[in-house]
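Given next are the chains, with one letter for each unit.
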Amino acid sequence: MSANNAAPDLNQVVAAVGQQLFSYLPTGALLCGAASPMLVNRTFHEGAFQCLGQAETLDLSCRHLRKVTDEQLIGLIRKIVDVGEASKARDGDLRAREYARQHIHRRDPFVPPHPLKVVCLDLSRCRFLRGEGVFFCLKHMPGIKRILLSSATRFEAHHQFSDELNSDALEVKKLEYVDFAGCSRMNARGAMSFAATIERCNLRHLNLSGVSAQLDDEALGVLAYFCNIESLNLAGARKITEFGAGLALYVCRGTLKSLNLRECDRVCLPNLLMDTAQGIRTLIDEDNMNGDHLAIYPPNYVGSPGSLPTFWLNALNNSTRNMMIAQPSLTTAQIAKSRLLLEGFKRAENDFSARMEWGERKEGSMFGCLEHLDVSLIGQKTGSRIDGCLAVIAWLNGGRLKHVDFDGLDFVLTSDLAVLSATSPGLLSLSVLSSTTRGIPAGRYISHYLRHFFENFRNVRELNLSCCHWSSVNINMVCSLKHLRSLKVEFTNVDGGALQLLLARSTKLIRLSIKGCSRLKSSNLANTANTPELELLDLDLRELEMDVPLAEVKRICPRLLRINNRCTPFGAQMLKAHRSAFLWRTGTSDNARSKSKKRTRAGDSVDSENAPSNDTIVESSFTNSCSLMRTAFSSAKETEQEMYACRTCFVGSNRFVCLACAKRCHAGHDVFSVGSSCGYCDCCIFTECQCLKIGDVEEASAGIAAELIGS
């Protein structure tokens, strides 16, 4: 700071600190100005606010700002506006000078002549915000594109965004991403009030997960205002029924690419799909008579005509037949209800279109544009069976699915999996954790369908088959998946020979979990004379018979960061370096450092007994590498990092890419920040990650070893 109080050049500071500038300027220092011991120079104080007025990202999600209230947030935004306008008045802007003269001491909300340039506002985990501050922010940020309110547990919206208090809609035409995850007080009335206030925006992504206590079908009336949604997350919405889910699928059928219905236990899939299944049965019967196989092809199939393998039609026939006979006493009623639901969707869409003056709508089928679908634990309270439902969804989708999760479902048919694999060869991630899979009656064709299932999923990078007890499954089928990055086959019937063959063929595998496989021993993994050193970063072999020590296992996996859900000594050092780098970038202090000996999360503990005690680490050797090389597949609190979503690659819906991958692997893509939290980078699942460098880890390992030897 110069002695004559000259205005400092903060551009370099802001460029270095980026979106985390608030982390260095606590609320008290910002509001108190020269009275604050941290900002004793008023010139610096005003300069900081001028830079904040030009910032595109304002992040208040850091730890010491999570108790910010609506009054403090309003005061903060008003002060940024006031300082900016006063500065423009001094520079000769007559309009700003008049504004400063009339409004510099006023406390009523107003629209400034020079609004803020904020594009992304992150208020995640600000648990004391109720809504007034958020409304004030949006009123002063007409160019905002993304607002994050996840875990703002007191946010309500139905009072603060009501028509009685705010008669005019907010001018936020560019708003496209809203995150309400964990806003437990948000209800249907609040969602509708918020939507009505920002009705002129073109919202594309809406996250309503974790609002299970309040959200019901009425809340999906927001689709009247947002008919072009691409991503909708309703995970944990236990009051949503098949009408609400189907309405979203129907109204947004031309744009919806991601739908998360995990744990929506009142959604009955057969009620949505039974009429379509009957239509497919009619096509199959006509096909058997006319011999025209192309007539039954998916209506919007992305592949070329005639390209589907020959077995798929037989599999679809078996799936739909079993769907119709699963509950014969209810089939007729379900078909009637399915038709009534479809008619209700059409009436609702016509009502929305007339009320909101929609333009021409893009035609298509439900599930027709989906790339990510999560129906895990769906319909648990309906008592319905989902025989054949996944095959019908795959037929409606036409081959666009890339990520599918149907964990914990009962009566998943092997013919369903066969249809899914035949129609969706581009699938990258599949999870059937704890799903009860079975074949058609008498067990016919099970092995036949599963063989085709694995042969067609050659591009899969992430596969979870844990707890799936297929009597005829052979792990040799999995060996054809040469692009696998992550494989979990916990509590399955894998044998030793098949495991060694898998490790020899799947050379890109970096995560393997064989926990609880009763036919395996640790020697099956260690005694692999013909297998080169593996690139595994994460290995779980708990509950196996340990006939050889872990040291022998580590011999063929020298790069392991985690084993049996615990950090290795090298992994502990890498995780510590990751944590230190994140704290430096965000300007926060590690309050947990002094409490490191207290209890940690079960399953994410650190093997401190063998961990080196030297804190020195060579960070420059992996600053450009994927964070997965330091965190492995852990979600412990030490893995906290910046999270980025990529609309180009459609990385979102509880997945993210790290800072390095956002800059390199996704350069030129539509990438944006979604805050910071604990977890691991998913870039290697979506793309051929360029930052996943094994050599960087080896170099870092050598640097650590040199430091330890020198000490």
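Residues numbered from 1 in each chain as written. Predicted model: local features only at pLDDT ≥ 70, side-chain atom pairs only at ≥ 80, totals over all residues. Heavy atoms only, no water.

Draft legend 1. Inspection of the overall build of the protein at higher detail. Regarding its fold elements, the protein presents 23 helices and 20 strands. Sequence separation of 24 or more characterises 81% of the internal contacts of the protein that already satisfy a separation of 6 or more. Carbon and sulfur atoms form 49% of the exposed surface of the protein, whose accessible area is close to 29600 Å². (Helix = DSSP H or I, 4+ residues; strand = E, 2+ residues; numbered from the N terminus. Contact = heavy atoms within 4.5 Å. Areas by Shrake-Rupley, 256 points an atom, 1.4 Å probe, with all protein chains shown as cover.)

Draft legend 2. Highlighting the packing of helix α11 (residues 311-325) against helix α13 (residues 389-397). It is the contact of α11 with α13, at a shortest axis distance of 8 Å, that shows an interaxial angle of 130°. Relative to α13, α11 is oriented oblique. Judged by the twist between their axes, the crossing of α11 over α13 is left-handed. Packed against α11, whose contacting residues are Trp312, Leu316, Ser319, Thr320 and Met323, the element α13 presents Cys389, Ala391, Val392 and Trp395 at the interface. (Axes fitted to C-alpha atoms, helices over the stretch in contact; angles between N-to-C directions. Parallel < 35°, antiparallel > 145°, perpendicular 65-115°, else oblique. Left-handed = near helix turned anticlockwise from the far one by under 90°.)

Draft legend 3. Seen up close, the confidence of the model for the protein. In this model, the protein carries an average pLDDT of 77, and 74% of its residues clear a pLDDT of 70 or more. Overall, residues 104-111 carries pLDDT values under 50, and its contacts beyond four positions in sequence, including any with other chains, amount to 11 contacts. Scored below 50 in pLDDT, residues 440-445 makes 5 contacts in the model with residues more than four places away or belonging to other chains. (pLDDT = per-residue confidence, 0-100.)

Draft legend 4. Structural context of the nonpolar core. Core analysis: the biggest nonpolar cluster contains 165 residues, and Ile77, Phe155, Phe180, Phe406 and Leu430 have the highest contact counts within it. Considering each element in turn, this core owes the most residues, 8 residues, to α13. Discounting chain neighbours no more than four positions away, the residues touching phenylalanine 406 are Val375, Ser376, Leu390, Val412, Leu417, Leu420, Leu430, Ser431, Val432 and Ser435. With 24 residues, the next largest nonpolar core counts Leu628, Ala662, Tyr680 and Ile685 among its residues. (Core = buried A, V, L, I, M, F, W, Y, C linked by side-chain atoms within 4.5 Å. Buried < 20%, exposed > 50% of the residue type's maximum accessible area, 1.4 Å probe, protein only.)

Draft legend 5. Molecular detail of helix α16 (residues 496-505). Buried residues of α16: Gly496, Ala498, Leu499, Leu502 and Leu503, and no others. Seen end-on, α16 carries its buried residues on one side only, within an arc spanning 160°. Contacts made by the buried residues of α16 are with β14 (486-488), β15 (511-513) and α17 (522-526). (Arc of directions from axis to C-beta.)

Draft legend 6. Geometry of the side chain of aspartate 179. Within the secondary structure layout, aspartate 179 lies in strand β4 (residues 177-179). The charged side chain of aspartate 179 is buried without a salt bridge, its nearest counter-charge being arginine 125 at 9.8 Å. Polar contacts involving the side chain of aspartate 179 include one to the side chain of asparagine 207, which spans 3.2 Å. In this structure aspartate 179 touches Ile147, Leu148, Leu149, Ser150 and Asn207, once residues within four positions along its chain are discounted. (Lys, Arg positive; Asp, Glu negative; His and termini not counted. Salt bridge = Lys/Arg side-chain N within 4 Å of Asp/Glu carboxyl O. Polar contact = N/O pair within 3.5 Å; in protein donor to acceptor, adjacent residues only side chain to side chain.)

Draft legend 7. Quick peek at the packing of α11 against helix α14 (residues 414-423). At their nearest, the axes of α11 and α14 sit 8 Å apart, and the two run at 140° to each other. When the axes of α11 and α14 are compared, the pair comes out oblique. Viewed along their axes, α11 and α14 form a crossing whose handedness is left-handed. Where α11 approaches α14, its residues Phe311, Trp312, Ala315, Leu316, Asn318 and Ser319 are matched on the opposing element by Ser415, Asp416, Ala418, Val419, Ser421, Ala422 and Thr423. Of the residues assigned to the contact of α11 with α14, the class counts are 7 nonpolar, 5 polar and 1 charged. (Nonpolar A, V, L, I, M, F, W, Y, C, P; charged D, E, K, R; others polar.)

Draft legend 8. Focus on the packing of aromatic side chains. Using the criterion set out here, one finds 9 aromatic pairs in the structure. Each ring, one from phenylalanine 180 and one from phenylalanine 194, has its centre 5.0 Å from the other, and the planes form 80°; the classification is edge-to-face. Of this pair, phenylalanine 180 sits in the loop between β4 and α8 (188-197) while phenylalanine 194 sits in helix α8; the two residues are 14 residues apart in sequence, bridging distant segments of the chain. For phenylalanine 180, a relative accessible area of 2% translates into the label buried. Ring centres of phenylalanine 243 and phenylalanine 345 lie 5.5 Å apart, and the angle between their planes is 40°; this geometry places the pair in the tilted category. Taken together, the positions of phenylalanine 243 in helix α9 (residues 242-251) and phenylalanine 345 in helix α12 (residues 328-356) put the pair 102 residues apart, joining distant regions of the chain. In this structure phenylalanine 243 comes out as partly exposed when scored by relative accessible area, which is 30%. Residue classification places phenylalanine 345 among the buried positions, given a relative accessible area of 1%. (Phe/Tyr/Trp six-rings, centres within 6.5 Å; stacked < 30°, edge-to-face > 60°.)

Draft legend 9. Quick look at α11. For α11, built from 15 residues, the straight-helix expectation of 21 Å at 1.5 Å per residue is met to within 8% by its first-to-last C-alpha distance of 22 Å. The element α11 is extensively covered by neighbouring structure, given that 12 of its 15 residues are classed as buried. (Expected span 1.5 Å × (residues − 1).)

Draft legend 10. Up close: the pattern of salt bridges. Counted by the stated rule, this structure contains 24 salt bridges. Arginine 238 is the salt-bridge partner of aspartate 265, the closest N and O atoms lying 3.0 Å from each other. Residue aspartate 265 is found in the loop between β7 (258-260) and α10 (269-290), and its partner arginine 238 is found in the loop between β6 (231-233) and α9; the two are separated by 27 residues along the sequence. Judged by relative accessible area, aspartate 265 falls into the buried class, the value being 5%. Looking at arginine 238, the relative accessible area reads 35%, which means it is partly exposed. Where salt bridges share partners, they join Glu176, Arg204, Glu230, Arg647 and Asp670 into one cluster.

Draft legend 11. Spatial organisation of the pairing of strand β20 (residues 671-677). Counting buried positions over the 7 residues of β20 gives 5, a clear majority of the element. Where strand β19 (residues 641-646) meets β20, 5 bridges bridge the pair, whose relative direction is antiparallel. Bridge assignment links glutamate 642 to a residue of β20, and that residue is serine 676. (Pairing = 2+ DSSP bridges.)

Draft legend 12. Examining unusual backbone geometry more closely. Even without a glycine there, the phi angle at phenylalanine 491 is positive, about 55°. Structurally, phenylalanine 491 is set in the loop between β14 and α16. A relative accessible area of 29% places phenylalanine 491 in the partly exposed class. Backbone geometry at asparagine 564 places phi at a positive 55°, although glycine is not the residue there.

Draft legend 13. The arrangement of the environment of histidine 205 in detail. As for its placement among the helices and strands, histidine 205 is situated in strand β5 (residues 205-207). Along the backbone, histidine 205 and phenylalanine 226 are 21 residues apart, and their C-alpha atoms lie at a distance of 9.6 Å. Filtering out sequence-adjacent residues up to four positions away, histidine 205 remains in contact with Glu176, Tyr177, Val178, Glu230, Ser231 and Arg647.

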